[in-house]
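Structural characterization, general
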Amino acid sequence: MLDALRELETKAQAELQAAADTQALQAWNQAYLGRKGALAPFFQQLRDLPREERPLAGQTLNQVKQALAAALEARQEALKAGERAAAMVAEAIDVTLPGRPASIGRLHPSTATLRRIYAIFAEMGFQVYRAPDIETDMVNFELLNIPPHHPARDMWDTFYTTTEGVLLRTHTSPGQIRAMREYSPEPIRVILPGMCYRYEQVTARSEMMFYQVEGLAVGTEITMTDLKGVMAEYAKRMFGEGRSMRFRASHFPFTEPSVEVDMDCILCKGQGCRVCKYTGWLEIAGAGMVHPVVLRNGGYDPDVYSGFAFGMGVERPAMLLHGVNDIRYFFGNDLRFAQQF
Ligand code: 2NL
């Protein structure tokens, strides 16, 4: 029996060293140490041995069993260490590689254009005034000399809230009323940027939401030549030297007289092309001298004070400068558009 045991141990040890993964180790454990393993019959045989042979045989049997169990544990540890070492090599990270740069984004094309406009007017002494997008009918229309049922309201139809008389502003002009009321009787020079809303068929040329910038100067010595100089300076700074200007008579309820401000077409230099509809001129703003009624609504005595005002879109100059032919790109949320700026 002792010889058979020794032989079994040698065989088991050899097989154990050959076992290459945890599965093989488990199989080995069952084959030798398990309840139905190769060692079990020896315990059976022990009982049948003559009394005097039993102690030595029992001792040896236990030694072999313990030796095999210890060898299994050692082999398990060795395998695990090997797996760890392999993983260290396979999953190694080069901590000296440079990191991936974080994407910091960029300004929306409308925002970038707005900021250029701020900078130009800031140098002419205009400060930026902010006003709410949600307005009252009173400030959006009535104080701007547009009474209920005035035909001009058709042009400025908008979105209404469920609260009577509260709506989304159709222009930034109501903010100018707020600026005048805050500063009168001090003279002011402000520009007022912001989103405006119109109940409008959306096309390549008109959106139902768009940015607008309005300018307003109120003081005791302000004339239409100031308006013309400011518009000419803006056109030059925004679109380049050598711009010519023209004023065409127009009408707004809140200015008198009112004009449309044109500059020579920057694409064809006044020769006539598709962009200027073969007129040689591009409209860049609506403007005029502040109507006396509006001056009074803002808190200024029209017999003492005068002022000029202008209003212009923001997407339009961006389209001209960057050759964009459809205003819907601006709020279409397509990054491929925004990333070109
Ligand atoms: C346009 C025309 C304009 C104004 C806006 C204004 C504001 C006050 C008083 C007088 Cl508080 N005028 N704003 C004046 C003339 C034209 O905008 O075509 N905008 C896109």
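Here, the structure is the one placed above.
Quick notes on the rules
Residues numbered from 1 in each chain as written. Predicted model: local features only at pLDDT ≥ 70, side-chain atom pairs only at ≥ 80, totals over all residues. Heavy atoms only, no water. Helix = DSSP H or I, 4+ residues; strand = E, 2+ residues; numbered from the N terminus. Buried < 20%, exposed > 50% of the residue type's maximum accessible area, 1.4 Å probe, protein only. Contact = heavy atoms within 4.5 Å. Salt bridge = Lys/Arg side-chain N within 4 Å of Asp/Glu carboxyl O. Pairing = 2+ DSSP bridges. Phe/Tyr/Trp six-rings, centres within 6.5 Å; stacked < 30°, edge-to-face > 60°. Lys NZ or Arg CZ within 6 Å of the ring centre and 35° of its normal.

**Here's the deal with the environment of leucine 72**
Checked against the element boundaries, leucine 72 lands in helix 4 (residues 54-90). What makes leucine 72 buried here is its relative accessible area of 9%. For the pair leucine 72 and aspartate 137, spaced 65 residues apart in sequence, the C-alpha to C-alpha distance is 88 Å. Non-local contacts of leucine 72, meaning those with residues more than four positions away in its chain, are made with Leu16, Leu25, Trp28, Asn29 and Leu33.

**Structural notes on helix 10 (residues 315-322)**
Listed as buried for helix 10 are Glu315, Pro317, Ala318, Met319 and Leu320. Those residues of helix 10 hidden inside the fold are in contact with helix 5 (109-122), strand 5 (209-219), helix 8 (224-239), strand 8 (281-290) and strand 9 (306-313). Of the residues one or two after helix 10, glycine 323 is the one with positive phi, at around 65°.

**Re the pattern of salt bridges**
Pairing is possible between side chains that carry opposite charge, provided their charged atoms lie close to one another. Counting across every chain of the model gives 13 salt bridges. The partner of aspartate 264 in a salt bridge is arginine 243, and the shortest N-O contact between them spans 3.0 Å. You can see aspartate 264 sitting in strand 7 (residues 255-264) and its partner arginine 243 sitting in the loop between helix 8 and strand 6 (245-252), a full 21 residues away along the chain. As far as the burial class goes, aspartate 264 and arginine 243 line up, both buried. One salt-bridge network, in which partners are shared between bridges, spans Arg246, Arg248, Asp262 and Glu283.

**Re the side chain of arginine 169**
Along the chain, the position of arginine 169 falls in the loop between strand 3 (166-168) and helix 7 (173-183). Beyond its immediate stretch of four places on either side in the chain, arginine 169 contacts Ala131, Pro132, Asp133, Glu135, Asn140, Pro174, Leu192, Pro193, Gly194, Met195, Cys196 and Tyr197.

**Comments concerning the pairing of strand 6**
Summarising the sheet, strand 6 and strand 7 pair through seven bridges and their orientation is antiparallel. The partner of phenylalanine 247 across the bridge, within strand 7, is valine 261. In textbook terms, the turn of a hairpin is the stretch between consecutive antiparallel strands, and for strand 6 and strand 7 this stretch comprises two residues.

**So, the packing of aromatic side chains**
Applying the stated criterion across every chain, the model contains 15 aromatic pairs. Plain terms: the ring middles of tryptophan 28 and tyrosine 32 are 5.4 Å apart, the flat faces sit at 40° to each other, and that makes the pair tilted. Taken as a pair, tryptophan 28 and tyrosine 32 lie in helix 2 (residues 22-32) at a separation of four residues, close to a single helical turn. Pairing phenylalanine 252 with phenylalanine 254 gives two aromatic rings, centres 5.9 Å apart and planes at 5°, and the pair type is stacked. The residues phenylalanine 252 and phenylalanine 254 share a single accessibility class, namely buried. In this structure, lysine 228 is placed above the aromatic ring of phenylalanine 247, and the distance from its NZ or CZ to the ring centre is 5.3 Å.

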